[in-house]
Structure formats: C-alpha cells, structure tokens
Amino acid sequence: MSIRDFIARHSTPPSPTPIAAVLEIPTPIVLEPSNLDLEATAASSAPCDNVLEDGAPFHWDVESRSAAKLAKGKESVGARAYAEHPSTEVLCVSFARGNGPVETWIPGQPIPETVLAAAADLRCLWIAHNAAFERAILECILIPRHGWPMVPVDRHACTMSLALAHAYPGSLEGVAEVLGLVNRKDTAREKIVRVMFKPRKPRRGEDPTQLYWID
C-alpha cells in the first residue's frame with residue numbers, strides 16, 4: 001500500500017467503530033476530515049480506469065533550493081518566509097493524478113496537461129505531505145514565476161496533518177514505518193541530494209558575495 005492508497009482508504013465517510021478497534025495497530029483508522037470533499041476523496045479509493053476522471057486527487061511534491069534555512073534553529077524560517085526569500089528556486093515538481101504514473105516537471109518546461117486539468121477540476125484535491133510548504137511555493141514561486149494555475153486553499157489536503165490528528169508520526173518515513181507501507185521515503189538518497197538544497201561555500205578565486213550551487 002502506498003501513501004496515496006492510505007489517504008484514499010482513510011478519507012471515506014466514517015462509520016461507527018469501537019474506540020479499541022480504532023487504536024489497535026495495524027487495524028485501519030477511520031478518518032474524519034472536517035474540510036475535505038469526502039465525495040471526491042472516496043471516489044479515488046475505487047479502481048481508476050481513467051486517471052484524469054473528475055475528482056481524482058492530485059498528489060505532488062516540490063524540491064527546491066535556497067539560501068534561507070528551512071529547519072530548526074535560530075536562523076531557520078517557516079514555509080512562507082522560505083518561499084518568499086529571493087534566493088529560493090524550484091528544482092522540480094513530481095506529481096501524479098489519481099492512480100496515474102508519476103511525472104516530473106522542471107522549470108522552463110510547459111505546464112503539464114495533468115497539472116492544468118487538476119487545477120481546473122473543482123472536485124480535485126491537491127495532496128502533499130506538509131502541504132503548507134507546497135502551497136507556499138505554489139503561491140510565491142510557481143504561479144508568479146512559472147505561470148502555474150492558482151488552486152484555492154480549501155482544495156489543499158495535508159497527509160502530515162491527517163497522520164498527526166490520529167497520533168501517528170508526522171514525518172513521512174515515520175508514518176510509513178508505522179503503517180507498514182510498501183513505498184518508503186528513500187532517506188539514504190535524500191542525504192546525497194540534500195547538498196543541492198543550499199548554497200555551497202565559495203571556492204578559491206570566486207566572489208564570496210555571490211551564491212554558488214551544487215547542480
């Protein structure tokens with residue numbers, strides 16, 4: 001089961017369930033999202049012959065780089081301040097509609113039809129883990145710099161919030177471990193590519209006032 005299957009399964013309308021059964025792991029939990037379009041999310045749990053059918057959710061993840069520090073510590077900033085920082089750039093966006101294939105967009109390419117269709121479908125939820133980050137990047141960078149379509153806040157859904165609301169870990173790797181998901185976050189490879197997310201130190205002869213990146 002993937003994280004997409006998890007959200008589709010647990011976003012269906014709730015049914016009476018004993019508390020003990022809800023708390024027992026790995027017994028499936030019944031989620032009760034207050035601001036999600038239940039009809040739309042429930043539709044995604046059925047087999048999807050046409051991945052672009054009305055209401056199919058849009059799953060996405062943004063990778064970026066910036067001189068701003070998005071982490072814990074005295075010099076760190078929040079998602080909105082990170083997205084608004086002048087040095088912040090989008091490296092790529094990976095996404096999938098419903099049970100469709102994962103696609104990747106990089107700056108300079110045309111806006112994919114899958115993205116445009118997902119934005120135009122008023123029943124389509126845009127789902128991300130820590131969706132506040134993706135939404136900030138969308139509003140501060142993808143729309144003004146790259147021409148992506150606007151998606152209102154009430155159509156964004158966060159798998160991190162859903163996990164925390166049911167006493168699961170907030171980290172993607174943590175919740176995947178607890179749920180026993182087949183697809184896991186590749187933490188080893190993330191450590192390798194993390195050097196691309198922040199500026200490198202200037203080398204001998206380079207202007208120390210400029211930003212330099214590892215590409």
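As shown above, the structure is provided for reference.
For clarity, every value in this text was computed on a predicted model and none was experimentally measured.

What counts and what doesn't
- Residues numbered from 1 in each chain as written.
- Predicted model: local features only at pLDDT ≥ 70, side-chain atom pairs only at ≥ 80, totals over all residues.
- Heavy atoms only, no water.
- Helix = DSSP H or I, 4+ residues; strand = E, 2+ residues; numbered from the N terminus.
- Buried < 20%, exposed > 50% of the residue type's maximum accessible area, 1.4 Å probe, protein only.
- Contact = heavy atoms within 4.5 Å.
- Areas by Shrake-Rupley, 256 points an atom, 1.4 Å probe, with all protein chains shown as cover.
- Polar contact = N/O pair within 3.5 Å; in protein donor to acceptor, adjacent residues only side chain to side chain.
- Core = buried A, V, L, I, M, F, W, Y, C linked by side-chain atoms within 4.5 Å.
- Arc of directions from axis to C-beta.
- Expected span 1.5 Å × (residues − 1).
- Bend = angle between axes of the 7 residues up to and from the residue.
- Pairing = 2+ DSSP bridges.

(A) Layout of the overall build of the protein chain. Of regular secondary structure, the protein chain possesses nine helices and five strands. Along the protein chain, helices and strands appear, N-terminal first, in the series α-α-α-β-α-β-β-α-β-α-β-α-α-α. In the protein chain, which comprises 215 residues, the proportion classed as buried is 38%. The long-range share in the protein chain, meaning contacts at least 24 apart out of those at least 6 apart in sequence, stands at 64%. Carbon and sulfur atoms make up 56% of the accessible area of the protein chain, which totals about 12200 Å².

(B) Representation of the side chain of threonine 88 in the model. Here threonine 88 lies in the loop between α4 (79-84) and β2 (89-97). For threonine 88, a relative accessible area of 0% puts it in the buried group. At a separation of 2.6 Å, a polar atom in the side chain of threonine 88 contacts the main-chain carbonyl oxygen of tyrosine 82.

(C) Representation of the nonpolar core within the structure. Trp60, Val93, Trp126, Ile137, Leu142 and Trp148 are the most contacted members of the largest nonpolar core, which has 28 residues in total. Breaking this core down by element, the ones donating at least two residues are β1 (58-65), α4, β2, α5 (113-120), β4 (126-128) and α6 (131-146). Element by element, the count of residues in this core is highest for α6, at eight residues. With residues up to four places along the chain from it excluded, the contact list for isoleucine 137 reads Val62, Tyr82, Ala83, Thr88, Val90 and Leu142.

(D) Representation of α5 in the model. Of the positions making up α5, those classed as buried are Thr114, Val115, Ala118 and Ala119. The arc that holds the buried residues of α5, viewed along the axis, is 130°, so those residues lie on one side. Residues Glu113 and Ala120 are exposed on α5 and point more than 90 degrees away from its buried face. In the core, the buried residues of α5 are packed alongside β1, β2, β3 (103-105) and β4.

(E) α6, seen in detail. The end-to-end C-alpha distance of α6, which contains 16 residues, comes to just 19 Å, noticeably less than the 22 Å that a straight helix rising 1.5 Å per residue would cover. The largest bend in α6 comes to about 45°, at leucine 138. Among all positions of α6, only Ala131, Phe133, Glu134, Ala136, Ile137, Leu138, Cys140, Ile141 and Leu142 are buried. For α6, the secondary structure elements touched by its buried residues are β1, α4, β2, β3, β4 and β5 (156-158).

(F) Broad picture of the pairing of β2. For β1 and β2, the ladder comprises eight bridges, and the chain directions are antiparallel. Opposite glutamate 63, over in β2, you have cysteine 92 as the bridge partner. Relative to β3, β2 runs antiparallel, the two sharing three bridges. Within β3, the residue paired with serine 94 across the bridge is threonine 104. Between the antiparallel neighbours β2 and β3 lie five residues, among them glycine 98 with a positive phi of about 60°.

(G) Region of the structure containing unusual backbone geometry. A positive phi angle, close to 70°, is found at asparagine 130, a residue other than glycine. With respect to the element layout, asparagine 130 can be found in the loop between β4 and α6. Judged by relative accessible area, which is 33%, asparagine 130 ranks as partly exposed. For alanine 167, which is not glycine, the phi torsion reads 65° and is therefore positive. By secondary structure assignment, the location of alanine 167 is in the loop between α7 (159-165) and α8 (172-179).

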